[in-house]
Amino acid sequence: MILIGRSKWVPPRRWKLWSLPRPALSYVLGVDAVAVTITALALASTISGARTGVRPSEWAAFAVLATASVLHLESARGIERRREMAANSSPYTNLKSLWVFAGLLLLPLSLVIALIVVSYGYSWIRVYGRTIAHRKVFSASTFILASAAAAAVLRGGGLIAEPRVPTGPFSLLVVLGAATTWWLVNFALVIGAILLSSPDATARGALGDLSDQLVVVAGLGLGVAVGALQASYPWVVPILMVTVLTLHRDLLLPQFQRAAGTDVKTGLATPAYWANAVPVELARAETLRSTVGLLMLDLDRFKEINDTYGHPAGDQALKAVGQSVRAEVRQGDLVARVGGDELAVLLPGASETEVLEVAERIRDRLSTLTVSVDTAAEQTALISGVPASIGTAVYPDVANTMDQLVLAADNALLSAKRDGRNRIVAARPNPPAVTDHADQPVD
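The protein appears in an unreviewed UniProt entry as GGDEF domain-containing protein from Kribbella albertanoniae.

Structure follows, in structure tokens:
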């Protein structure tokens with residue numbers, strides 16, 4: 001598990017893998033070990049199984065799928081890199097499943113595994129760049145396990161010889177069952193890793209947006225189409241590539257838009273994305289006669305962390321803070337990094353009571369948060385508690401415009417700082433101006 005390509009060499013003892021909680025570490029290594037075992041068995045079956053070697057037609061199909069996979073990854077390199085940055089605590093969906101499942105219908109399992117290695121190896125070098133190596137090895141391992149399970153379903157349904165494309169109602173059901181198995185196994189393995197790696201993560205948060213999984217489902221469906229065309233009309237596959245690239249952009253556009261507005265260091269929304277989102281929510285609230293809550297957070301010890309452990313440690317702490325804040329808000333709420341160590345949370349439809357409850361949960365969680373950071377001296381340090389001062393405001397109770405709402409929350413935040421920090425202050429509506437009628441002329 002060594003970083004390659006544009007990444008620098010990282011000594012084994014400093015791999016991020018070892019910083020995982022013990023249950024997560026055992027889980028990841030266990031999945032990797034099973035994937036290696038499956039690979040060895042698949043190779044042995046190909047070499048000394050019922051038939052020896054790989055047929056020329058299968059090598060040709062492998063070359064076509066590997067080339068198509070590489071061209072696909074290269075053409076979508078920009079969008080995939082931005083999406084990868086935004087994927088933190090939910091499954092990262094992609095269309096690699098398209099070429100892998102097409103391979104399952106056309107190739108022996110050993111070549112399917114080789115296709116997975118080619119796909120992840122190329123994307124590691126060209127798409128992801130500097131990243132955490134063990135995550136990519138684990139992702140490739142989940143693909144191998146999912147492919148082995150899907151291959152077992154195909155064999156169990158009587159589709160033994162390649163190509164195993166559907167030719168009738170029963171074979172279609174078998175292929176659909178294999179595709180469903182592939183998706184479930186891969187999805188379950190990834191969810192398990194997320195939950196074990198982040199003890200504070202909730203099952204709902206780990207599942208992510210179910211609509212994102214339509215990307216994988218679409219990829220599997222396209223894989224069936226590619227497999228069928230490759231088996232019967234191979235020269236049509238290049239034409240289908242244009243459709244794949246178009247669908248890739250359309251299917252992933254919502255994720256790309258989120259990624260484009262994502263702060264690289266924290267995974268939170270950027271100030272620009274935040275500035276565009278607030279007036280939209282206020283306009284919606286006005287139409288629905290609803291409310292919008294706003295929290296402004298400022299970390300009380302952030303400069304101390306930077307000065308003591310270095311700025312990279314500060315970045316790690318800030319990322320942990322962002323994840324903790326997102327864990328305490330609803331799925332539709334927006335968390336943004338609006339300054340160096342200042343965060344903002346937008347809570348559509350929240351009343352003042354609900355806003356204060358969320359603020360208290362966040363304040364309590366951050367005050368007891370423990371973060372493991374890498375120090376400038378190449379050591380690991382534990383930071384206990386990253387307290388924050390919080391100012392709250394609710395539209396339209398205390399403000400009628402975006403600027404008024406932000407100003408009210410900012411003033412409340414300053415009051416929290418002045419009053420001793422690590423506390424919450426709620427903005428109050430300004431009392432109406434009192435007019436002195438005594439000096440007015442009387443008719």
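K.L.:
Is there a simple way to explain the overall build of the protein in this structure?
P.N.:
For the protein, the count of helices and strands is 15 helices and 7 strands. Looking at the protein residue by residue over its 443 residues, the buried ones come to 47%. Residue pairs at least 24 apart in sequence account for 75% of intrachain contacts in the protein once pairs closer than 6 positions are excluded. Counting every atom, the protein has about 21,500 Å² of accessible surface; 61% of that belongs to carbon and sulfur.

K.L.:
So what exactly am I meant to see when it comes to the nonpolar core here?
P.N.:
One recurring pattern in soluble globular proteins is that nonpolar side chains are buried together. Membership of the largest hydrophobic core comes to 60 residues, with the highest contact counts inside it found for Phe101 and Trp182. Among the secondary structure elements, those contributing two or more residues to this core are α1 (22–48), α2 (56–75), α4 (96–106), α5 (109–128), α6 (133–156), α7 (169–197), α9 (213–232) and α10 (237–260). In this view, Phe101 contacts Ala150, Val175, Ala178, Ala179, Leu220 and Val224; residues no more than four positions away in its chain are not counted.

K.L.:
Help me out: how do you make sense of the UniProt feature "transmembrane region" (unreviewed entry) in the protein in this one?
P.N.:
According to UniProt, the positions carrying the feature "transmembrane region" (unreviewed entry) are residues 24–47, 99–125, 137–158, 170–198 and 210–229. The distance separating the terminal C-alpha atoms of residues 24–47 is 35 Å; by composition the span is 100% helix and 0% strand. As annotated, residues 137–158 comprises 91% helix and 0% strand, and the C-alpha atoms at either end are separated by 32 Å.

K.L.:
Can you walk me through the environment of Thr401 in this structure?
P.N.:
With respect to the element layout, Thr401 can be found in the loop between β6 (388–395) and α15 (402–418). Taking the C-alpha atoms as reference points, Thr401 and Pro279, 122 residues apart in sequence, are found 8.0 Å from one another.

K.L.:
Looking at this model, I keep getting lost on a nonpolar patch on the surface. Mind explaining?
P.N.:
A cluster of nonpolar side chains, Leu172, Leu173 and Leu176, forms an exposed patch at the surface whose accessible area comes to about 290 Å². Summarising the element assignment, Leu173 is placed in helix α7. A residue is classified by how much of its surface remains accessible, and Leu173, at 59% relative accessible area, is exposed.

K.L.:
Teacher, can you tell me more about the pattern of salt bridges here?
P.N.:
In this structure the tally under the stated criterion is 9 salt bridges. Between Arg55 and Glu58 there is a salt bridge whose closest N-O contact spans 3.0 Å. For Glu58, a relative accessible area of 2% corresponds to the buried category. Through salt bridges that share partners, Asp298, Asp300 and Lys417 make up one connected network.

K.L.:
Whenever I open this one, the side chain of Asp341 confuses me. Can you help?
P.N.:
Along the chain, Asp341 falls in the loop between β2 (334–337) and β3 (342–348). Buried charge Asp341 goes without a salt bridge, the closest partner of opposite sign being Lys417 at 6.0 Å. Residue contacts for Asp341: discarding those within four places in its chain leaves Leu297, Asp298, Leu299, Phe302 and Leu318.

K.L.:
Help me understand the packing of aromatic side chains, please; the structure alone is not making it clear to me.
P.N.:
All told, the structure shown has 5 aromatic pairs when counted by the stated rule. Ring centres of Tyr120 and Phe143 lie 5.4 Å apart, and the angle between their planes is 85°; on these two criteria the pair is classed as edge-to-face. Of the two residues, Tyr120 is situated in helix α5 and Phe143 in helix α6; the sequence distance between them amounts to 23 residues. The same class applies to Tyr120 and to Phe143, which are both buried. With 4.9 Å between their ring centres and 85° between their planes, Phe143 and Trp182 make a pair best called edge-to-face. Pair noted here: Phe143 is in helix α6 and Trp182 is in helix α7, with a separation of 39 residues, a long-range link. Just as Phe143 is buried, Trp182 falls in that class too. Members of the aromatic cluster, each reached through a chain of ring pairs, are Tyr120, Phe143 and Trp182. Its guanidinium or amino end placed over the ring of Tyr120, Lys96 lies 4.7 Å from that ring's centre, counting from NZ or CZ.

K.L.:
I tried to follow the sheet that holds strand β7 (residues 424–426) on my own but got confused; where do I start?
P.N.:
Each strand in a sheet pairs with another by means of backbone hydrogen bonds, the pair being arranged parallel or else antiparallel. Strand order in the open sheet made by the 5 strands is β2-β3-β1-β6-β7, with mixed pairing throughout. Where the open sheet ends on each side, the last strands, each with one partner, are β2 and β7. The mean angle between the axes of side-by-side strands here comes to 20°, regardless of whether they run parallel or antiparallel. Both strand β1 (residues 292–299) and β3 contribute to a ladder of 7 bridges, which runs antiparallel. Across the sheet, residue Asp298 finds its bridge partner in β3, namely Glu342. Strands in contact with helix α14 (residues 352–367) are β1, β3, β6 and β7; relative to β6, the strand with the most contacts, it is inclined by about 165°.

K.L.:
Would you mind showing me how to read unusual backbone geometry here?
P.N.:
Among all residues except glycine, the phi angle is most often negative; among peptide bonds, the trans geometry is most common. In this model, Tyr395 is joined to Pro396 through a cis peptide bond whose omega is 0°. Inspection of the secondary structure puts Pro396 in the loop between β6 and α15. Of note, the phi angle at Arg421 is positive, near 70°, even though the residue is not glycine. Mapped onto the elements, Arg421 comes out in the loop between α15 and β7. Notably, Asn422 is not glycine yet its phi reads approximately 50°, a positive angle. Using a relative accessible area of 28% as the deciding quantity, one classes Asn422 as partly exposed.

K.L.:
Would you take a moment to explain the packing of α2 against α4 for this structure?
P.N.:
The N-to-C vectors of α2 and α4 enclose an angle of 175°; their axes lie 10 Å apart at closest approach. Classified by the angle between their axes, α2 and α4 sit roughly antiparallel to one another. Contact residues: α2 offers Glu58, Ala61, Leu65, Ala68, Ser69, His72 and Leu73, while α4 offers Lys96, Trp99, Ala102, Gly103 and Leu106. The residue makeup of the contact of α2 with α4, split by class, is 7 nonpolar, 3 polar and 2 charged.

Cut-offs applied
Residues numbered from 1 in each chain as written. Predicted model: local features only at pLDDT ≥ 70, side-chain atom pairs only at ≥ 80, totals over all residues. Heavy atoms only, no water. Helix = DSSP H or I, 4+ residues; strand = E, 2+ residues; numbered from the N terminus. Buried < 20%, exposed > 50% of the residue type's maximum accessible area, 1.4 Å probe, protein only. Contact = heavy atoms within 4.5 Å. Areas by Shrake-Rupley, 256 points an atom, 1.4 Å probe, with all protein chains shown as cover. Core = buried A, V, L, I, M, F, W, Y, C linked by side-chain atoms within 4.5 Å. UniProt positions renumbered as here; feature names shortened; annotations may be inferred. Patch = residues over 30% accessible without salt bridge, like charges linked within 9 Å, V, L, I, M, F, W, Y side chains within 5 Å. Salt bridge = Lys/Arg side-chain N within 4 Å of Asp/Glu carboxyl O. Lys, Arg positive; Asp, Glu negative; His and termini not counted. Phe/Tyr/Trp six-rings, centres within 6.5 Å; stacked < 30°, edge-to-face > 60°. Lys NZ or Arg CZ within 6 Å of the ring centre and 35° of its normal. Pairing = 2+ DSSP bridges. Axes fitted to C-alpha atoms, helices over the stretch in contact; angles between N-to-C directions. Parallel < 35°, antiparallel > 145°, perpendicular 65-115°, else oblique. Nonpolar A, V, L, I, M, F, W, Y, C, P; charged D, E, K, R; others polar.

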